[in-house]
Amino acid sequence: MKVAVLCGGRSSEHEVSLRSGEAVARGLEAAGHEALPVTIARDGGWSFRGAPVELTPAAGLFGADAAFPALHGPFGEDGSVQGVLEWLDVPYVGSDVLASAICMDKLTLKRLCARAGLPQVEFAAAAEPGWRERCEAMGLPLWVKPSRLGSSVGISKVESFGEELEAAVEQALRHDPRVIVEAAARGREVECSLLGNEQVEVSRAGEVIAHGEWYDYETKYSAGGMELIVPAPLDPETDERLRELALEVFRVGGCAGLARCDFFVEPDGEVLVNELNTMPGFTETSVYAKLWEASGLPYPDLCDRLVQLAIERHAKARSYEF
């Protein structure tokens, strides 16, 4: 098939997305597909093989049978581009508009997980009534984050209340008008990858060891910044609990196609949900792909499976009468 690979985008994760897009194109070609490179500039302009383009429903998407939006962060992972692809009536890899928007917003997903009774770290929405009191009840340290941003951008660790907390919130507000404050978790960071629509598979779990004070942007994307241990050193009961929770979060978020779910495994063995990414980093060496490779699914086969899932979901969605 001809698959349009979308990369770049308007978010601060533009460069990471370019790397994901290049890797996806190589993976698709290795799986026998034709990759059509589509770049979205930082100003939002689209180009196909270097030439600027305008999108219309009649024109479709450069004759593509499907699209692979290897885009991260706002305007790519939050439902925006998914809405464009729906408008163009092109099958696309990953979750739909609603699920993408829900999972991009940490506050919304955490509130849904709380309603579902899933274990997670305590949190508060900055600027909502009583938020400072909730922060004091959570204790120190605290993590202050933009609610709808990825790759650890705009995050601060807060060691004291008052001016330090207020400054951290102000910094996060430069990236997003919605800010979340989270309690610190003492546990190990463990992640797993999910793949599927109605029938969802969970990869082997991997433990992330950050070679830095914490798992920030530089640690994630610099050579030697982190180490991934697969399989994660977990007892069978904890491993099974983690897999069950991953499927639950995937369901609560209404996801499809793929996601990476991140957890904290506390010293007493309790598993806490951290977050879920509907379009995680997608290079051959990114955690999502490495976990599937360790589970017996090579990168080109993974790319192929995702395109097939996109086609299936699109066909099912179009079978309903509106």
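Presented here is a report on the structure given in the accompanying data block. (Residues numbered from 1 in each chain as written. Predicted model: local features only at pLDDT ≥ 70, side-chain atom pairs only at ≥ 80, totals over all residues. Heavy atoms only, no water.)

Glancing now at the sheet that holds strand β5 (residues 66-69). The strand order across the open sheet built from five strands is β4-β3-β2-β1-β5, with neighbouring strands paired in mixed fashion. Only two strands of the sheet have a single neighbouring strand rather than two, namely β4 (51-52) and β5. As paired strands, strand β1 (residues 2-8) and strand β2 (residues 34-40) are joined by seven bridges and run parallel to one another. Counted as the bridge partner of G8 is I40 from β2. Docked against the sheet, helix α2 (residues 80-88) engages β1, β2, β3 (46-48) and β5, running at close to 175° with respect to β5. Here helix α10 (residues 299-317) sits on the sheet and contacts β1 and β5; the angle it forms with β5, its principal contact strand, is near 120°. (Pairing = 2+ DSSP bridges. Helix = DSSP H or I, 4+ residues; strand = E, 2+ residues; numbered from the N terminus. Contact = heavy atoms within 4.5 Å. Axes fitted to C-alpha atoms, helices over the stretch in contact; angles between N-to-C directions.)

Here the focus is the environment of V144. Examined against the element boundaries, V144 turns out to sit in strand β7 (residues 142-146). The exposure class assigned to V144 is buried, which follows from its relative accessible area of 0%. Linking V144 and K157, residues 13 residues apart in sequence, is a C-alpha distance of 6.5 Å. (Buried < 20%, exposed > 50% of the residue type's maximum accessible area, 1.4 Å probe, protein only.)

Within the secondary structure layout, C7 lies in strand β1. For C7, a relative accessible area of 9% gives the class buried. On a C-alpha basis, the gap between C7 and A99 in space is 20 Å, while along the polypeptide they are 92 residues apart. Once residues within four sequence positions are removed from consideration, C7 is found in contact with S17, L18, G21, V38, T39, I40, A70 and L71.

Before going further, it helps to examine the nonpolar core. By size, the foremost hydrophobic cluster in this structure holds 26 residues, and its most contacted members are L242, C261, F263 and L276. Sorting the residues of this core by element identifies α3 (97-104), α4 (106-115), β10 (188-196), α8 (236-252), β14 (257-265) and β15 (271-277) as the ones contributing at least two each. With six residues, α8 is the largest single contributor of residues to this core. Discounting residues that sit within four places of it in the chain, L276 has contacts with C103, L109, V249, F250, C255, A259, R260 and C261. (Core = buried A, V, L, I, M, F, W, Y, C linked by side-chain atoms within 4.5 Å.)

Here we come to the sheet that holds strand β9 (residues 179-183). Here four strands make up an open sheet; going across it, the order is β6-β9-β7-β8 and the pairing antiparallel. Two strands close off the open sheet at either side, each with one partner strand: β6 (123-125) and β8 (156-158). Neighbour-to-neighbour, the strand axes of this sheet turn through a mean angle of 25°, independent of strand direction. As paired strands, β6 and β9 are joined by three bridges and run antiparallel to one another. Residue pairing in the sheet places A125 in a bridge with I180 of β9. The strands that helix α5 (residues 131-138) touches are β6, β7 and β9; relative to β6, the one it contacts most, it runs at about 165°. This element, helix α6 (residues 163-173), spans β7, β8 and β9 of the sheet and lies at about 20° to β7.

Tallying each qualifying case throughout the model produces 18 salt bridges. Among the ionic pairs, E284 bridges to R26, the shortest N-O distance being 3.1 Å. Linking E284 in the loop between β15 and α9 (287-294) with R26 in helix α1 (residues 14-30), this pair joins segments that are 258 residues apart in sequence. By relative accessible area, R26 is classed as partly exposed at 46%. We note a salt bridge from R318 to D89, for which the minimum N-O separation is 2.8 Å. Of this pair, R318 sits in the segment after α10 while D89 sits in the loop between α2 and α3; the two residues are 229 residues apart in sequence, bridging distant segments of the chain. The network of salt bridges with common partners includes E86, D89 and R318. (Salt bridge = Lys/Arg side-chain N within 4 Å of Asp/Glu carboxyl O.)

A few words on the packing of aromatic side chains. Counting across every chain of the model gives four aromatic pairs. Seen in terms of ring centroids, F48 and F62 are 4.5 Å apart; in terms of plane orientation they differ by 10°. Their pairing is stacked. With a gap of 14 residues between them, F48 in strand β3 and F62 in the loop between β4 and β5 connect regions that are remote in the sequence. On the accessibility criterion, F62 (21% relative accessible area) is partly exposed. Here F68 and F282 contribute two aromatic rings whose centre-to-centre distance is 5.2 Å and whose plane-to-plane angle is 75°, an arrangement assigned as edge-to-face. One end of the pair, F68, is in strand β5; the other, F282, is in the loop between β15 and α9, and 214 residues separate them in sequence. Taken as a pair, F68 and F282 share a single burial class, namely buried. (Phe/Tyr/Trp six-rings, centres within 6.5 Å; stacked < 30°, edge-to-face > 60°.)

Right, let's talk about unusual backbone geometry for a bit. Cis rather than trans, the peptide bond between L140 and P141 has omega equal to -5°. Despite not being glycine, R49 shows a phi value in the positive range, around 55°. Of note, R49 is situated in the loop between β3 and β4. When its relative accessible area of 55% is taken as the criterion, R49 is described as exposed. Positive phi is not limited to glycine here, since F75 has a value of about 65°. Here F75 shows up in the loop between β5 and α2. Judged by relative accessible area, which is 37%, F75 ranks as partly exposed.

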